[in-house]
Amino acid sequence: MGIILEAKNLKKSYQMGEVEVRALRGANFAVEEGSFVVILGPSGSGKSTLLNILGGMDVPDSGEVIVSGQTVTSLSDKELTQYRRTKVGFVFQFYNIMASLTARENVELATEIAENPLDIDQIMEAVGLKERAEHFPSQMSGGEQQRVSIARAIAKNPDLLLCDEPTGALDFQTGVTILALLAKINKDMGKTVIVITHNAGIADMADRVFRMRSGEIVEDRSNPTPLSPEEITW
Amino acid sequence: MDLMLWRMIKHSKAQFIAVLVVIAMGIAMFTAISLAGFNLDDSKDRYYQENGFMDFSISVDQIPASLIDDLRSMPGIRAAEGRITAEVPFIAENADRVNVKLLSMPSEGYEINQLLMREGRSIQDPNNEAVILSQFADGRKISVGDDIVIQVNGLRCSLRVVGIAYSPEFIYLIESIQSMMPAEEGYGVVYVDELLAMQLLGMYGAYNEVFFLYDLDHQGHFRPGLTEDDLIDDIEKKAEPYGHKASVLRKDQLSNALIGEEINGLKGMGVSIPILFLLVAASVIAMMVSRMVKKDRIKIGVMKAIGYSNRSVLGHYVKYALTAGLIGGMAGILLGYQIAGYMTTMYADFFEIPSYGMKIYWAFIVGGLLLSCIFCMAFGAYGARGSLRILPAESMQSESPREGKRIFLESLPFLWKRLRFSQKLVMKNVFRNKKRSLFVLMGVSLTYGTLMFTMTMPGIIDEMMVKQYEEYQTMDYNVSFSRPLLNTVRRDLLHELSDPTYVEGRIEQPFEFSVGNREKTVVMIGVASDSRVFNLRDRREQKIVPRGGQVLITENLAKALDVAPGDRLLAKSFLAGEKEAYLTVQDIVKQTMGMNAYMDLTDMGDRLMEHGAINGVYINTEDPDVVAKLREMENVSTILSSQDMKDMFSEYTGLMSIMIGVLVMLSGVLGFSIVYNATIVSIGERKMEFSSLRVMGFGKDEIFRMILSENIIISIAGIVAGIPMGYAMTTYFAESFSSDLYTLYLTPTPGATLRSLGFTVAFLLVAQFATFEKIRKLDFLLALKNRTS
């Protein structure tokens, strides 16, 4: 399998009041197409900054991100919008779905702007929300809301699925079902999934694990025998 | 807490300033208009008191000087003075002629309607000296020492101007109520010594007007057992044998009534418009505070966890609103005080009331500030009430999603299915926050309604002048005779004036109309049955002519007497011999200026005057020398030209356009403030939603378009709702400004409706594009990290 994403010497600093925070100090790594990657690190290690740059939501001070042969870091604001629209899907810790829209409408929102969207009904079925499609977020559990968020992310049919602490707001059991859904998407749909988390237990289900500390990738290991989500624990 | 308050203000400075501007404008208007109105009223009252402005007056044919002493000794009368008055031509150096009122001045001291000398001195030589009224002197550029010429009974009389004066009796100087607007050069007042007036007018030892000052106690009441009505009855009885023509109370005196209308209109505006502004500002504050409370959910939870009470938390947000009220209020008062100074001077100059300086009414200053603070605090507390419900423990947890609901459009599948998804999204957003959508809708309606009413204002001129002089009355000249003549006099006039000339006889005579205990004195007009100059119209704008034994009355007279078609009223003449007749109200007619009654000319002569009599004519002519020829004629006393009056109104349109400009600007400020603030609050509340959309791949322009579409839908609804509001405001304005003197018929025209639409859309677009910057600067990463945004 080829390389879908390559990060070269990424550096990023930002001001926090009067203090300069060096979030990334030269991160280098590459991700293979169709793999399930976990970026592991404690709070403040720079993993969210890294994910934001990979997703075209932020730009590095220096270094490059190349996705499917396209240098993301040299794109204009408009091109970055287009990149987010077509290439990447995001899943957040706090779901960030629209309270005024039903589950189905939240997904439809994403398909509206996508160039090659997936069928909404199939997605709803895939994420296990076929019966709850017409419900509003206020009528759903946290796990269901996160499923809506995942469905919305994959509906655009992106190459990459970037997940920022997707189980952070959920209990263990619900967290496992969400991870299982992500694994299913990775396997059945062939999407490259990158999960960032501080939860070391999740790393056991990844094909590849990058460990971050103080803005640097301090460990890069492949996992030849990933566990199924049901087998992992934390 | 105060530090937090300061930072809160700093953080929301653009919105805070927008609110301050609205509050300051509201309070400035309240202070300026109220202070100007009350100062003007004060100046007028002081002027009246210091110069002994009449309490009551009567007009008679001739009353002997000896009877004045008798009238003066009546209980309840402090002073009574006779005067000779006559309308005479003034002949300018270029042979131009206008009418002036020639008035006698007692040789010795006098108490009533004293003149206030602006320049020069009083009359010393009774034979050829005159004092002229300030407005006329300015209009005609006459200075002390100049000679002027008047014509009395066909004789020219040269007078030396020795003084220029103001008079409380002629603050608002107009020739008659039909003139409406003062024209300084077109009509004047000339005072001559009493002896000279008697000599010129052949009224030796007699007067034709008597003025009275009442003998009142400190509270302005008559002594017990005496009433004004009884006193007037007694005076009228005594005056009857001398040809009592009319009685005028101070409140009905033309100049006083007109200036009173102006001041009352000003005072009325001083309350209604500022309240509107304060309501808008306070609503915006409520919205902003409510948004802050939502945003500060964790902060409020922490404060409560530390031990701050509900009251202190609520107080924190109320203080924010109070700060806006205080700063805006103070800025408004300072600005208003400045404007009040200019306004008072402008009005005082316009009316030629002596300036007594600007009196500070602390009640308005404190009241303005209190008003501003109370409004802001009340609405601030309303907006912050959500803080009371926040529990410390809950606030630390992530907020559960707001309850989602289907909107009513979704229950109309034939419509809903036709919408594209993005359109559905916009519709859902419009209905999602009903309160805010309603607020914007009302703001737009208010803006559109105010603009519609503003744009209709030029219609006042159209209505009053065009309708009166081009539709209802089409005569070029209205000529009054000094005494009743036979209708055959028309032939003489036709002979004198070159063709084509049309002359129509008429009677215009004051009558007292009464129904039960309601009475009103108005001029009744006898109109020829085949009149070519009067187009009387009923309320459905259908042409109508007076029938024998019946009377047509104007709407304001019908209202004053509370009568309807078919009712009977008693018409009593003031002429010597006092004729009276019961007349049936035939119908109610439309008229923009004055309060009148109309009868058939022949019938009116027969019943109330003498057979075949007329006391004036209406003339339509192309004779260029008509005025000069008429002035030379015997028995012609006054000549009113329709064209002069139309020209006067054209000048008035300049002033009107300034007023319209100000109102348009105010409407714009309101519209801008509402839409801008509501959109900013909406963006603030939906930061996370927009951030999610940006992350998903929506562009800034797409999000802006979404907000724009939402506001367009609300604005369209607002404009639709604004149409009846505009009509209602216009009707309210027309009704509240209609009086005995004029009746306004204002209906927004399609042109006014379109112009207001243009302005409303422009104001809304400016407000909308001002919010684009907020979208452009939206930090979506920060918003996504902050789960409470």
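Residues numbered from 1 in each chain as written. Chains lettered and ligands numbered in written order. Predicted model: local features only at pLDDT ≥ 70, side-chain atom pairs only at ≥ 80, totals over all residues. Heavy atoms only, no water.

**Considerations on the overall build of chain B**
Put simply, the test is: Put simply, DSSP H or I for four residues or longer makes a helix, DSSP E for two residues or longer makes a strand, and each gets a number counted from the N terminus. With a 1.4 Å probe rolled over the protein chains alone, any residue whose accessible area is under 20% of its type maximum counts as buried; one over 50% counts as exposed, and the rest are partly exposed. Contact criterion: two residues are considered in contact whenever any of their non-hydrogen atoms come within 4.5 Å of each other. Computed with a 1.4 Å probe, the accessible areas rest on the Shrake-Rupley method; for each residue, only the protein chains presented here act as cover.
Looking only at helices and strands, chain B has 24 helices and 20 strands in total. When each of the 789 residues of chain B is scored for burial, the buried share is 56%. In chain B, the share of contacts with a sequence separation of at least 24, taken over all contacts with a separation of at least 6, comes to 82%. Accessible area of chain B: about 34,700 Å², with a carbon and sulfur share of 57%.

**Comments concerning the pattern of salt bridges**
Residues and elements named next belong to chain B. The line we're drawing: A pairing counts as a salt bridge when a side-chain nitrogen of Lys or Arg comes within 4 Å of a carboxyl oxygen of Asp or Glu.
One pass over the structure, following the stated rule, counts 40 salt bridges over all chains. A salt bridge links Glu129 to Arg121, with the nearest nitrogen and oxygen atoms 2.8 Å apart. Glu129 gets classed as buried once you look at its relative accessible area, which sits at 8%.

**Some thoughts on the confidence of the model for chain B**
In regions of low pLDDT, the predicted coordinates are not meant to be interpreted in detail. Residue and element names in this part refer to chain B. For clarity, the cut-off: Confidence of the prediction at every residue is given by pLDDT, a number between 0 and 100.
Residue-level pLDDT values for chain B average 83, and 91% of them are 70 or greater. Looking over chain B, one finds the lowest element-wise mean pLDDT in helix 24 (residues 780–785), namely 63, and the highest in strand 6 (residues 129–133), namely 94. Model confidence for the complex: the whole-complex pTM is 0.65, and ipTM, which rates the interface, is 0.85.

**Brief notes about the interface of chain B and chain A**
For clarity, the threshold we go by: When two parts are put together, the accessible area they lose, computed with a 1.4 Å probe and summed over both, is reported as buried area. Polar contacts, as counted here, are pairs of nitrogen or oxygen atoms within 3.5 Å of one another; within protein the pair requires one atom able to donate a hydrogen and one able to accept it, and residues that are adjacent in sequence qualify only if both atoms are side-chain atoms. All amino acids are sorted into three groups, where Ala, Val, Leu, Ile, Met, Phe, Trp, Tyr, Cys and Pro are nonpolar, Asp, Glu, Lys and Arg are charged, and the leftover types, Gly among them, are polar.
With 31 residues of chain B at the contact, the number on the chain A side is 29 residues. Interface area, chain B with chain A, both sides summed: about 2,700 Å², of which 63% is carbon and sulfur. Counting across the chain B and chain A interface gives five salt bridges. For the pair chain B and chain A, the interface holds nine residue pairs in polar contact (both at pLDDT 80 or more). Elements that contribute at least two residues to the side of chain B that touches chain A include exactly helix 13 (421–432), helix 21 (687–696), helix 22 (700–737) and helix 24 of chain B. Ranked by residue count, the leading element in the side of chain B that touches chain A is helix 21 of chain B, at seven residues. A per-class count over the side of chain B that touches chain A returns 11 nonpolar, seven polar and 13 charged.

**A closer look at helix 10 (residues 362–384) of chain B**
Formally: Multiplying one less than the number of residues by 1.5 Å gives the expected span of a helix.
For helix 10 of chain B, built from 23 residues, the straight-helix expectation of 33 Å at 1.5 Å per residue is met to within 8% by its first-to-last C-alpha distance of 32 Å. The inward-facing, buried residues of helix 10 of chain B contact helix 2 (13–50), helix 7 (254–295) and helix 9 (310–351) of chain B.

**Brief notes about the environment of Ile525 of chain B**
All names here are of chain B. Turning to its location among the elements, Ile525 is positioned in strand 14 (residues 518–527). A relative accessible area of 3% places Ile525 in the buried class. Distance from Ile525 to Arg506, taken between C-alpha atoms, is 7.0 Å for residues 19 residues apart in sequence. Not counting residues up to four positions away in its chain, the partners in contact with Ile525 are Ile507, Glu508, Phe534, Asn596, Ala597, Tyr598, Met599, Met604 and Tyr618.

**Notes on the packing of helix 9 of chain B against helix 10 of chain B**
Residues and elements named next belong to chain B. As a reminder, the rule being used: To obtain an axis, a line is fitted to C-alpha atoms, over the contacting stretch when the element is a helix, and the angle between two such axes runs from 0 to 180 degrees between their N-to-C directions. Relative orientations are named as follows: roughly parallel for angles under 35 degrees, roughly antiparallel for angles over 145 degrees, roughly perpendicular for angles from 65 to 115 degrees, and oblique for any other angle. By convention the crossing between two helices is left-handed if the near helix lies anticlockwise of the far one by an angle smaller than a right angle, and right-handed if it lies clockwise.
Running from amino to carboxyl end, helix 9 crosses helix 10 at an angle of 150°, the nearest separation of the two axes being 8 Å. Considering the angle they form, helix 9 stands roughly antiparallel to helix 10. The handedness of the crossing between helix 9 and helix 10 comes out as right-handed. Within the contact between the two elements, helix 9 uses Leu314, Tyr317, Val318, Ala321, Leu322, Gly325, Leu326, Gly329, Met330 and Ile333 and helix 10 uses Ile365, Gly368, Leu369, Ser372, Cys373, Cys376, Met377, Gly380, Ala381 and Ala384. Tallied by class, the residues present in the contact of helix 9 with helix 10 amount to 15 nonpolar, five polar and no charged.

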